[in-house]
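Observations on the three-dimensional arrangement
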Amino acid sequence: MRLYAVVLAGGFRRYATYRVATAAGVFTNTVFGFIVAYTYTALWDERPQLGGYDLSQALTYVWLGQALLMTCAMMGGGFEDELIERIRTGDIAIDLYRPVDLQLWWLAGDLGRAAFHLLGRGVVPMLFGALAFELALPGDALTWLAFMLSVALGVVVSFAVRYVVALSAFWLIDGAGVLQIAWLAGLFFSGMLLPLTLFPGALGELALVLPWSALLQVPADVFLGKHTGWGLFEAYAFQAGWAVALLAAGRLLQSVATRRVVVQGG
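Turning next to the overall build of the protein. Each helix and strand in the protein was counted, giving 11 helices and 0 strands. The C-alpha radius of gyration of the protein comes to 19 Å, within 12% of the 18 Å expected for a compact globule of 266 residues. Principal-axis analysis of the C-alpha atoms places the extent of the protein at approximately 65 × 40 × 35 Å. Burial analysis of the protein (266 residues in total) assigns 49% to the buried set. For the protein, the share of sequence-separated contacts (at least 6 apart) that also reach a separation of at least 24 residues comes to 80%. Surface summary for the protein: the accessible area is close to 12,900 Å², and the carbon and sulfur share equals 71%.

Written as structure tokens, this is what we have:
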């Protein structure tokens, strides 16, 4: 486990070196946060309690989305492009023969990336939002801890989805198309555009049970106190269930791909 802790720390340091990109990202997240916040304000003025949120909660949801956009890689920007490229060039064969677990290696690096983005691109926009708007911030430390655990589970779910998508490059000429579809699905079904509780009928019910809702909708509801007691346990179980299922799917694909590489190499 020490090796993977080193990889995690390396992932954090790797993204910390891009200071200009981080500053640009903070600026972009903040600007878009203000744009969406004022849009939500106009919408909630017309429809108070829309989706079960008051205006303060809706605005908090907006800034949580900006904080978690890169943390949970809802638009990509993680390891997946590099992994697809290594599969395309054949360099993945070297990785598969190394005495480390391929999935855990990439997971550790992605956790380091997520930790940096949460601090580097998440905290500052949230502070600007709190200064400019009346946000529904939790008043007790336990809610903050519950939120952080939910974010961590969301990051693992995000990794697991992107890992499965990246491994599709073993069977496709180019995995970029599948990756872009996954990004679009992540933006739409995570609740980044609108809270999933606003989606009508069957679409809303479907959106709430898909894995992408674990990236933003669930952590945001934990932050806003929508999940307490047994409901909080159910929220964690939902995220953990998707994490386990998708990690298992990724491990299965990895095993099949490894046998394929061995046979071709032989």
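Scanning the entire structure with this criterion turns up 20 aromatic pairs. Aromatic pair Trp144 and Phe223: ring centres 5.0 Å apart, planes at 90 degrees, arrangement edge-to-face. Remark: Phe223 occurs in helix H10 (residues 217-223) and Trp144 occurs in helix H7 (residues 141-167); sequence separation between them is 79 residues. The class of Trp144 is partly exposed, set by a relative accessible area of 35%.

Let us look at the side chain of Ser158. Mapping Ser158 onto the fold places it in helix H7. Relative accessible area serves as the criterion here: at 3%, Ser158 is assigned to the buried category. At 2.5 Å, the side chain of Ser158 forms a polar contact with the backbone oxygen of Cys72.

At their nearest, the axes of helix H2 (residues 19-46) and helix H3 (residues 55-68) sit 9 Å apart, and the two run at 155 degrees to each other. Judged by the angle between their axes, H2 and H3 are roughly antiparallel. For the crossing formed where H2 meets H3, the hand is right-handed. Contacts between H2 and H3 involve Asn29, Thr30, Phe32, Gly33, Phe34, Val36, Ala37, Tyr40, Thr41, Trp44 and Asp45 from the former and Leu55, Ala58, Leu59, Tyr61, Val62, Trp63 and Gln66 from the latter. Residue composition of the contact of H2 with H3, by class: 12 nonpolar, 5 polar and 1 charged.

For the structure on display, the rule yields 7 salt bridges. Linking Asp110 and Arg113 is a salt bridge whose minimum nitrogen-to-oxygen distance equals 2.8 Å. Within this pair, Asp110 and its partner Arg113 are both found in helix H6 (residues 102-132), separated by 3 residues, close to a single helical turn. Taking the relative accessible area as the measure of exposure, Asp110 reaches 2% and is therefore buried.

This next bit is on the packing of H3 against H6. Here H3 crosses H6 at 160 degrees, and the two axes come no closer than 7 Å. Taken together, the axes of H3 and H6 lie roughly antiparallel to each other. Relative to H6, H3 is oriented so that their crossing is right-handed. On H6, the residues touching Thr60, Trp63, Leu64, Gln66, Ala67 and Leu68 of H3 are Leu118, Arg121, Gly122, Pro125, Met126 and Gly129.

The rules behind each value
- Residues numbered from 1 in each chain as written.
- Predicted model: local features only at pLDDT ≥ 70, side-chain atom pairs only at ≥ 80, totals over all residues.
- Heavy atoms only, no water.
- Helix = DSSP H or I, 4+ residues; strand = E, 2+ residues; numbered from the N terminus.
- Rg over C-alpha atoms; globule rule 2.2 N^0.38 Å.
- Buried < 20%, exposed > 50% of the residue type's maximum accessible area, 1.4 Å probe, protein only.
- Contact = heavy atoms within 4.5 Å.
- Areas by Shrake-Rupley, 256 points an atom, 1.4 Å probe, with all protein chains shown as cover.
- Phe/Tyr/Trp six-rings, centres within 6.5 Å; stacked < 30°, edge-to-face > 60°.
- Polar contact = N/O pair within 3.5 Å; in protein donor to acceptor, adjacent residues only side chain to side chain.
- Axes fitted to C-alpha atoms, helices over the stretch in contact; angles between N-to-C directions.
- Parallel < 35°, antiparallel > 145°, perpendicular 65-115°, else oblique.
- Left-handed = near helix turned anticlockwise from the far one by under 90°.
- Nonpolar A, V, L, I, M, F, W, Y, C, P; charged D, E, K, R; others polar.
- Salt bridge = Lys/Arg side-chain N within 4 Å of Asp/Glu carboxyl O.

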